[in-house]
Amino acid sequence: MSTPEESEVLGLSVAYMVSTFLGEVEKEFGKHTDPNYYEVNKRMLFSDSAKGRKLICPRDQREGCSYVDAVHLLEKGHTAPATIMLSWSWHYTVKTVVFALARWCRVNGKNPAEVFVWQCALCNNQFRVEENKAKGQWESFETFKALFEKRMDHTSHILSLMAPWDCPVNTTRIWCVFEKHMAVVKNHKFDVILPEEEDAKFQHALETSGMQPIWELFSKVDIQSAQATSEIDRRNILHLVDPDLNLDDPKAYSKRCSKLNAEVVSRLQSMFAMLAVDNINKRVDKGKHVPLPAFSHAAWLLESLRAEKQNLEHAHQMYVKGMAQSEREGTTQTMDHARLLMKYSAHLSRNGQVEGMTLGKEYHYKADELFKQLGATVTAEYGELLKDRANAKAVTGDYDGQLETMLESRRVLIEAGARHTRAYPNVIKSLARYYGYRKYPRDEVHALFDEARDCWIAIGGEYSVGYGMLLKEMAVFVAGEDSNRARELFQEAQRVYIAAGCNQTSDYVALLKSIGTFFWEEKDYTEAKRYQLKAKHSAEKLHFSHSMQHAVLLKELGRTLATLGETEEAKQVLAESQAILDRLLEERKDAPPGDRGAIFRHLQKTKSLQVQVDAGDLAVHKQARPNRNSRQKSGKEGE
């Protein structure tokens, strides 16, 4: 018999699950049946006929033990200290779980007889669980916490079973969400596993419709609303996450819970992105055909992750491999190739330096030419291409061309019946922003923003980065007329970014910068400085500190510091801004004047500001907080 400590971390081999446990289930329920674990529990894990019913439990020396302890006592060689912990749901069927574990062993070259799984249904003593439940008795919080961490630390490897792939049950179960969080916090190995049929569905979506629906589904992960069979478990877990949380108020806000949600979402997104990339790379390495949309969809997954250099490089490689396959297979005159050109051009323009932006423009016009050759200029894809072109014209200062192209993009999307796509609300948002900056009637601007918001809601995109960007632009627009409403929108935008796991991206940096500008205009210079510094540190952490956008942020931060009387710090920051802009101008010395205009304008403004700082012309203001209570609601809780 094992000791109590050994029993608590004992795992069952995958080989035994496949060969013996499945056979026992079929014997109990009938051939070709596939019960879930609630059903198995009632008839096999704590019933009178259960394997461990008459055996002594090593944990408390009483009759009735767990399934894994019974196997350990009766059938040697099939148990050992657990090597993995399974994060799963009792709603899953036996075959779903067992076959997924067997497949994971096969794909990863592991001997199933040497992989030992800690699975709560089979490894907890269900006799004691049901006995305590009947008496209304529960483990103390201290016992609960100690046992959970002991098992996590012992295996240091979590397998998260996700089924169905596009609406996984375990993202709604509090234990599963918490286990994923602890794997992140403790830096344990964490893998996602899919049953074979779900993996096939995932790959089909990768090759056809894309990943945005599952991305946005993950963003709805919320440990406070996640379900649990045991209310005591739910309360214990939430108390462990946030000891200060009011557990009796389902609407109580918890910064710690929000942070946990963001960590879990980010890890799940990363796992699915790597599943997609690994599948494509294996097929390419074997010389197998990969449908072209899969390359751009996988790249999109990578670009949507935390903006680290490695993710962007992997995304770039996806496009390069897709282009190479298209050339090799002679499919360069197809719609799929046109879409790939369009996505690749946007990737280069968005993430490249001067060389990348030049190449991005080249691929953009190649895509445009191919769409026209294919007679595909009234399609959602062509409307999206025009949207990208409008953005590029704005960067070069061609605002008349930007407006003309935005209107053309909207017309194409409407004629193509593509109002339900994500490109449409993005175009309407850009149009509203343009009208707002150029002092069009405010009612007209509000109508456009409302239309964009209604579109995002209609397509279920309330947890997308695009929706967060819309909220930011709405906040900027209303700031001058309703500062409280602007605060609410900025706060909502922060929550969307965090929920979507996108608070480590360039778009989130832009949001922080906009909030800093808002507080500057409110004359709350300390808050302006706080958000501008957060944006600066985030940009530097994400390697965005050499862009024009970062130079503009530094210019605004320098202005704030000077206003607060921090003159030397202001001079240093403004010098950094000028150095970036000087370098960008030098890099683009051979580019058309329009491509250098925005840089030159910001450089002149920075130099002018430097002169003011040197002369001491910027007044030192006291803090102006005319509405302190509403300021406190602005967004600190959303950080």
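Residues numbered from 1 in each chain as written. Predicted model: local features only at pLDDT ≥ 70, side-chain atom pairs only at ≥ 80, totals over all residues. Heavy atoms only, no water.

1. Points about the environment of A226
Assignment of secondary structure puts A226 in the loop between α11 (212–218) and α12 (231–241). Assessed through its relative accessible area of 7%, A226 is described here as buried. Sequence separation between A226 and L511 is 285 residues; the distance between their C-alpha atoms is 29 Å. Leaving out residues up to four positions away in the same chain, A226 has contacts with T172, R173, I174 and R234. (Helix = DSSP H or I, 4+ residues; strand = E, 2+ residues; numbered from the N terminus. Buried < 20%, exposed > 50% of the residue type's maximum accessible area, 1.4 Å probe, protein only. Contact = heavy atoms within 4.5 Å.)

2. Re the nonpolar core
In globular proteins that are soluble, nonpolar side chains generally tend to be buried together. Among the nonpolar cores identified, the biggest contains 109 residues, and F21, Y37, L86, W88, L101, F178 and I223 are the most heavily contacted of them. Not counting residues up to four positions away in its chain, the partners in contact with W88 are Y37, V97, Q119, C120, A121, L161, N170, C176 and E179. Core analysis: the second largest hydrophobic core is formed by 52 residues, M474, A486, Y497 and A535 among them. (Core = buried A, V, L, I, M, F, W, Y, C linked by side-chain atoms within 4.5 Å.)

3. Considerations on the sheet that holds strand β2 (residues 79–81)
The six strands lie next to each other as β2-β1-β4-β3-β5-β6, forming an open sheet whose pairing is mixed. At either end of the open sheet lies a strand with only one pairing partner, and these are β2 and β6 (189–193). Between one strand axis and the next, the sheet turns through 40° on average, direction left out of account. As judged from the three bridges shared by strand β1 (residues 10–13) and β2, these two strands associate in the antiparallel manner. Its bridge partner lying in β2, L10 is registered against P81. (Pairing = 2+ DSSP bridges. Axes fitted to C-alpha atoms, helices over the stretch in contact; angles between N-to-C directions.)

4. Re the packing of helix α2 (residues 14–29) against helix α5 (residues 94–107)
Axis separation between α2 and α5 bottoms out at 10 Å; the angle between their running directions is 160°. Accordingly, the angle class assigned to the pair α2 and α5 is roughly antiparallel. In the crossing of α2 with α5, the sense of the turn from one axis to the other is left-handed. Between α2 and α5, the residues in contact are V14, M17, V18, F21, L22, V25 and E26 and V94, K95, V98, F99, L101, A102 and C105, respectively. Classifying every residue of the contact of α2 with α5 by side-chain character gives twelve nonpolar, no polar and two charged. (Parallel < 35°, antiparallel > 145°, perpendicular 65-115°, else oblique. Left-handed = near helix turned anticlockwise from the far one by under 90°. Nonpolar A, V, L, I, M, F, W, Y, C, P; charged D, E, K, R; others polar.)

5. Focus: unusual backbone geometry
Across the junction of A163 and P164, the peptide omega takes the value -15°, indicating a cis bond. Within the element layout of this structure, P164 appears in the loop between β5 (157–161) and α9 (174–185). Positive phi, close to 60°, is recorded for Q61, a residue that is not glycine. Along the chain, Q61 turns up in the loop between α3 (37–45) and α4 (67–74). Even without glycine at this site, K439 takes up a positive phi of about 60°. The topology assignment puts K439 in the loop between α20 (423–437) and α21 (442–458).

6. Some thoughts on helix α18 (residues 380–395)
Helix length check: α18, at 16 residues, gives a terminal C-alpha distance of 23 Å against a target of 22 Å (1.5 Å per residue), a fit within 8%. When we look at burial in α18, the residues that qualify are E381, Y382, G383, L385, L386, K387, D388, R389 and A390. Count one or two residues on from α18 and you reach G397, which has phi positive near 85°. (Expected span 1.5 Å × (residues − 1).)

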